[in-house]
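# Residue-level structure breakdown
One letter stands for each residue in the lines below.
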Amino acid sequence: MIRRTAAIGLAALALLAGCADTRGIRSSAQLTEPAALGLDAESPTIAPAQDWWTALGDAQLDRLVAEALARNPGLQVAAARVAKARAAEQVAAAALQPQVNGALDLNRQAFSGNYIYPAPLGGSTQNLGNLQINGGWELDFFGRHAGAIRAAVGQLRAAEAEADAARVLLATNVVRGYVQWARLAGQRALAERALAQRQQMVALVRDRVQAGLDTQLEVRQNETVRADSRTQIAAFDQQIEASRNALAALLGQPRLADDVQAPSLSALRPLAVPSELHADWLARRADIVAARWRVEAARGEVDVARAQFYPNINLAAFAGFQSLGFGNLLKGDSFQWGVGPAIRLPIFEAGRLRAGLAARSADVDAAIETYNATVIDAMREAADQSQAVRATARQQAEQARALQAAEGAYDIARQRYQAGLGNYLQVLTAETAVLAQRRQQADLAAQAFISQAGVAQAMGGGWQPTPDLPSNH
């Protein structure tokens, strides 16, 4: 009897399901293919190592990066998002399995004497007991739960990739902050030397005034320059402290430990950076992969919305004891059971389901275009950083020649002074040019390291993709 009833019900609902109308509702956006971006699919990208910053050769920097990756609060937030997404995926997966629960109800109830219950039940007060196990299994014939799982897995994988992208960005920012601190420390040392030089020049000009060779105008001019040098040192001190505080924040600390010493640009080794992008690069950028998983999640939501148009079929069963009077609850003749299908199908919902499907399809379009924009922005970033590395290298080559010329002039001035052919003021003036070139040298060296770190980040930062990436379809 139950089989015949279920068969008749399924046949009727199958006929009604033909009325489900999803025509004209679909995503229209297209994922950008590697070939359209000019990426070579043949040769793999030479990716940086996972710990690419260690190539700089600074053990203190390595320790700071490791501490940041372990303690940064932002990464802890990202980890919490991953845990939440993983729990949501487990909830979605559980919906595919049978569900069983138990219930125990003990009530004392007064029955109306003027209702459907005849005497002696009507007009009496009785104890009611119900001890029951209920089971249900929603059969996923039309893919609603499968779509929910697809969406949940996509959200989980996206959250994991975004957490990895945050790690790559954090490591890069620590390197940038460390290099900036090294630049400021080097500039401060040069400012100290410039101040010492200005003090010598003030003393020398004063001697020349006493000898009648200069006037007080020259004294005041050199004192002004000396005061400017002191101002620069104070400014560098403030910037160095701010740089230390920024690094401490990246490490999740209020301040850096006292044993963290100021770094030196000359102690850092340049990074070898790749210059070409290939098709596999799309899977080496965690942010791009996260955006791709968001597309997959949105498509899963479309599957869920489309399944709403079709029957919802449940198998339900119960078994337990029910009685009047608590003392009769566990007696054999109080046992009861039931089993059967429950089928639900939307017949008229005033366009609600079509609107929901249209909204989910629009979400897919938005996710795809977000992915495309992420790819384009990542390519721009990689191109900009690679160009910055090359441009900085050219500037460093020209600046090295300028520094060599300034040092040559300084040597000549010293030799002339030692031979009695020139005065010490000329030596100090030549040294000023050398100090100016060394300041520029420090700026360019820092810029080179920061650009190299930017290329490493743009190339994926050494992130390794998981093997279950979705395809671009």
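See the structure shown above.
Here's a quick rundown of the structure. (Residues numbered from 1 in each chain as written. Predicted model: local features only at pLDDT ≥ 70, side-chain atom pairs only at ≥ 80, totals over all residues. Heavy atoms only, no water.)

## Section: the layout of surface pockets
Our working definition: Of the grid points, spaced at 1 Å and generated over the protein atoms alone, those admitting a 1.4 Å probe that cannot get out make up cavities, while open sets with protein on both sides within 12 Å along at least five of seven lines make up pockets; any residue with an atom within 4 Å of a point is treated as lining. Grid points are joined across faces, edges and corners, and a volume is the space filled by probe spheres set on the points. What counts as a helix is a DSSP run of H or I of at least four residues, what counts as a strand is a run of E of at least two, and both are numbered from the N terminus. For this classification, the nonpolar set comprises Ala, Val, Leu, Ile, Met, Phe, Trp, Tyr, Cys and Pro, the charged set comprises Asp, Glu, Lys and Arg, and every other residue, Gly included, is treated as polar.
The volume enclosed by the largest pocket comes to roughly 330 Å³. Forming the boundary of the largest pocket are 21 residues, of which Leu265, Gln396, Gln441, Ala445 and Phe449 lie nearest the centre. The set of elements that each furnish at least two residues to the lining of the largest pocket consists of α4 (144–210), α7 (352–418) and α8 (424–458). A per-element tally of the lining of the largest pocket places α8 first, with seven residues. Tallied by class, the residues present in the lining of the largest pocket amount to 12 nonpolar, eight polar and one charged.

## Thoughts on the environment of leucine 170
For the record, the criterion: With a 1.4 Å probe rolled over the protein chains alone, any residue whose accessible area is under 20% of its type maximum counts as buried; one over 50% counts as exposed, and the rest are partly exposed. Whether two residues are in contact is decided by their heavy atoms, any of which lying within 4.5 Å being enough.
Its location among the elements puts leucine 170 in helix α4. Judged by relative accessible area, which is 6%, leucine 170 ranks as buried. The spatial distance from the C-alpha of leucine 170 to the C-alpha of leucine 251 is 9.3 Å, given a sequence separation of 81 residues. Here leucine 170 is in contact with Ala68, Leu69, Asn72, Leu75 and Leu250, once residues within four sequence places are set aside.

## Some points on the sheet that holds strand β3 (residues 312–324)
Defined as follows: Paired strands, in this sense, are two strands between which DSSP finds at least two bridges. With axes taken as lines fitted to C-alpha atoms, and helix axes fitted only over the stretch in contact, angles between N-to-C directions fall between 0 and 180 degrees.
With antiparallel pairing, four strands are arranged side by side in an open sheet as β1-β2-β3-β4. Of all the strands in the sheet, just β1 (99–110) and β4 (335–344) have a single pairing partner and so form its edges. Averaged over all pairs of adjacent strands, the angle between strand axes in this sheet comes to 20°, irrespective of strand direction. Here strand β2 (residues 125–139) runs beside β3; their pairing, made up of 12 bridges, is antiparallel. Among the inter-strand pairings, leucine 131 is bridged to a residue of β3, identified as phenylalanine 321.

## Looking at a nonpolar patch on the surface
How we decide: Patches in this entry comprise residues that are over 30% relatively accessible and not in a salt bridge; like charges within 9 Å are linked, as are nonpolar side chains (Val, Leu, Ile, Met, Phe, Trp, Tyr) within 5 Å. The Shrake-Rupley method, run with a 1.4 Å probe, gives the accessible areas here. Residue values count only the displayed protein chains as cover. For salt bridges, the criterion is a side-chain nitrogen of Lys or Arg within 4 Å of an Asp or Glu carboxyl oxygen.
A cluster of nonpolar side chains, namely Leu104, Leu106, Leu131, Phe326 and Leu330, defines an oily patch on the protein surface of about 480 Å² accessible area. As for its position among the elements, phenylalanine 326 is in the loop between β3 and β4.

## Re the side chain of arginine 285
How we decide: Here a polar contact is taken to be a pair of N or O atoms separated by no more than 3.5 Å, where protein atoms must pair a possible hydrogen donor with a possible acceptor and residues adjacent in sequence count only if both atoms sit in side chains.
Relative to the helices and strands, arginine 285 resides in the loop between α5 (216–250) and α6 (286–307). Classification of arginine 285 by relative accessible area gives buried; the value is 6%. A polar contact is formed between the side chain of arginine 285 and the backbone oxygen of alanine 458, at a distance of 3.1 Å. If we skip the residues at most four places from it in the chain, arginine 285 touches Ala378, Glu381, Gln457, Ala458, Gly460 and Trp463.

## What to know about the packing of helix α2 (residues 59–71) against helix α3 (residues 73–94)
The line we're drawing: Roughly parallel covers angles under 35 degrees, roughly antiparallel covers those over 145, roughly perpendicular covers 65 to 115, and oblique covers all other angles.
For the pair α2 and α3, the least separation of the axes is 6 Å and the interaxial angle reads 40°. Between α2 and α3, the angle falls in the class oblique. Contacts from Ala68, Leu69, Ala70 and Arg71 of α2 reach α3 at Pro73, Leu75 and Gln76. Partitioned by chemical class, the residues of the contact of α2 with α3 number five nonpolar, one polar and one charged.

## Side note on α6
As a reminder, the rule being used: How far a helix is expected to stretch is found by multiplying one less than its residue total by 1.5 Å.
In a regular helix each residue adds 1.5 Å, so 22 residues correspond to 32 Å; α6 covers 32 Å between its end C-alpha atoms and thus fits that length. Buried residues dominate α6, accounting for 17 of its 22 residues.

## With respect to the packing of aromatic side chains
To keep things clear, this is the line we draw: In this analysis, rings of Phe, Tyr and Trp, with Trp reduced to its six-membered ring, are considered paired at centre separations within 6.5 Å, and the interplanar angle assigns stacked below 30 degrees, edge-to-face beyond 60, and tilted for intermediate values.
As enumerated under the stated definition, the model contains six aromatic pairs in all. Plain terms: the ring middles of tyrosine 115 and tyrosine 117 are 5.8 Å apart, the flat faces sit at 65° to each other, and that makes the pair edge-to-face. Relative to phenylalanine 335, the ring of phenylalanine 321 has its centre 5.6 Å away and its plane inclined at 70°; by these criteria the two rings are edge-to-face. You can see phenylalanine 321 sitting in strand β3 and its partner phenylalanine 335 sitting in strand β4, a full 14 residues away along the chain.

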